[in-house]
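Now for the letters of each chain:
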Amino acid sequence: QTLAKTNAELMARVEEAKAEIQSGAGRSKAVRGILKHARKGGELEKAGVVGRLGDLATISEAYDVAVSTACGMLDHIVVHSTSGAQQCLQFLRKHQLGRANFIPLEKMKKGAHDRAVETPENAPRLFDLIAVKNFAISPAMYLAVGNTLVAPDLDTATRWAYEYGRRWRVVTTDGKLIETSGTMAGGGKSVHKGGMRLSNSKG
C-alpha cells in the first residue's frame, strides 16, 4: 500500500511537471537570456526590450487555463523597434542560446484593439479580460489573442463558434479550443497554465 501511494505521488508529480513544461513556466534559455541581459548594465540594455508578453499583463486566475491555451505568443519578447529585435537576434546567435520570437511595437497596427466588437450573446473576449500594465502594449496583446471568446463550457463554445453567421475562435475556461477553421483541440489530463501573471498574485 505504501509503495502504491508513493507511485501515485510520483505520477502526480510527473503530470505537474508536464503541465509546467507545456505552460512555458520553465522559460526557454533564449527568453531567460534576453530578459537577463536587457537589465541595466546588460549587453541588451539599449535594445529597447520591454519584456516577455505574458509578464506584461495580468488576468484573473479563473482564466489562467484559457489564456495559456489560446495564446501561443505569451513567450514572445516585446521590443520597441525592429532594430532592437535585430540586436536581440544577434545576441542569441553570438551566445548560441537558441531561438526566440519578437514583437516590435513600432510595427503594430494602431487602433484595431479599440474597435467595438459585437460578440455572440455578448460573449466575453479574452482580450477584454486581460489587464495590460501599459496601454502601449495593447496592440501586441491584441495581435496575440485577437477576438478570441471565452466560454464556460464546450456546448456554449460550439454554439458561439458555429451558429452566428461568421466563425469565431473560442476557448473554454478548462482549455478546449475551437479555431475559426473549425478544428477543435482539448482532452488529456494536463492543461496549459501559468502563461500569464495572475491579477491576484504578487510580483
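Please refer to the structure higher up on the page.
Keep in mind it's a predicted model, so treat the numbers as computed, not measured.

A. Quick look at the packing of helix H2 (residues 29–37) against helix H4 (residues 82–95). Where H2 meets H4, the axes come as close as 11 Å, and the angle between the chain directions of the two elements is 115°. Along this stretch, H2 crosses H4, giving a crossing that reads as right-handed. When H2 is examined against H4, the residues Ala 30, Gly 33, Ile 34 and His 37 are found in contact with a partner set consisting of Cys 88, Phe 91 and Leu 92.

B. Seen up close, the packing of aromatic side chains. Scanning all chains against the criterion turns up one aromatic pair. Residue placement shows Arg 166 over the ring face of Trp 168; its charged tip is 3.7 Å from the ring centre.

C. Structural view of unusual backbone geometry. Non-glycine residue Glu 121 carries a positive phi angle of around 55°. Mapped onto the elements, Glu 121 comes out in the loop between strand S4 (102–104) and helix H5 (126–129). On the accessibility criterion, Glu 121 (39% relative accessible area) is partly exposed.

D. Inspection of the sheet that holds strand S5 (residues 131–132) at higher detail. Pairing within the open sheet is mixed, and its three strands lie in the order S5-S2-S10. Strands with a single pairing partner mark the edges of an open sheet, and in this sheet they are S5 and strand S10 (197–198). Pairing geometry for strand S2 (residues 57–59) and S10, over two bridges, is parallel. By the bridge assignment, Ile 59 is partnered in S10 with Leu 198.

What counts, and where the lines are drawn
- Residues numbered from 1 in each chain as written.
- Predicted model: local features only at pLDDT ≥ 70, side-chain atom pairs only at ≥ 80, totals over all residues.
- Heavy atoms only, no water.
- Axes fitted to C-alpha atoms, helices over the stretch in contact; angles between N-to-C directions.
- Helix = DSSP H or I, 4+ residues; strand = E, 2+ residues; numbered from the N terminus.
- Left-handed = near helix turned anticlockwise from the far one by under 90°.
- Contact = heavy atoms within 4.5 Å.
- Phe/Tyr/Trp six-rings, centres within 6.5 Å; stacked < 30°, edge-to-face > 60°.
- Lys NZ or Arg CZ within 6 Å of the ring centre and 35° of its normal.
- Buried < 20%, exposed > 50% of the residue type's maximum accessible area, 1.4 Å probe, protein only.
- Pairing = 2+ DSSP bridges.

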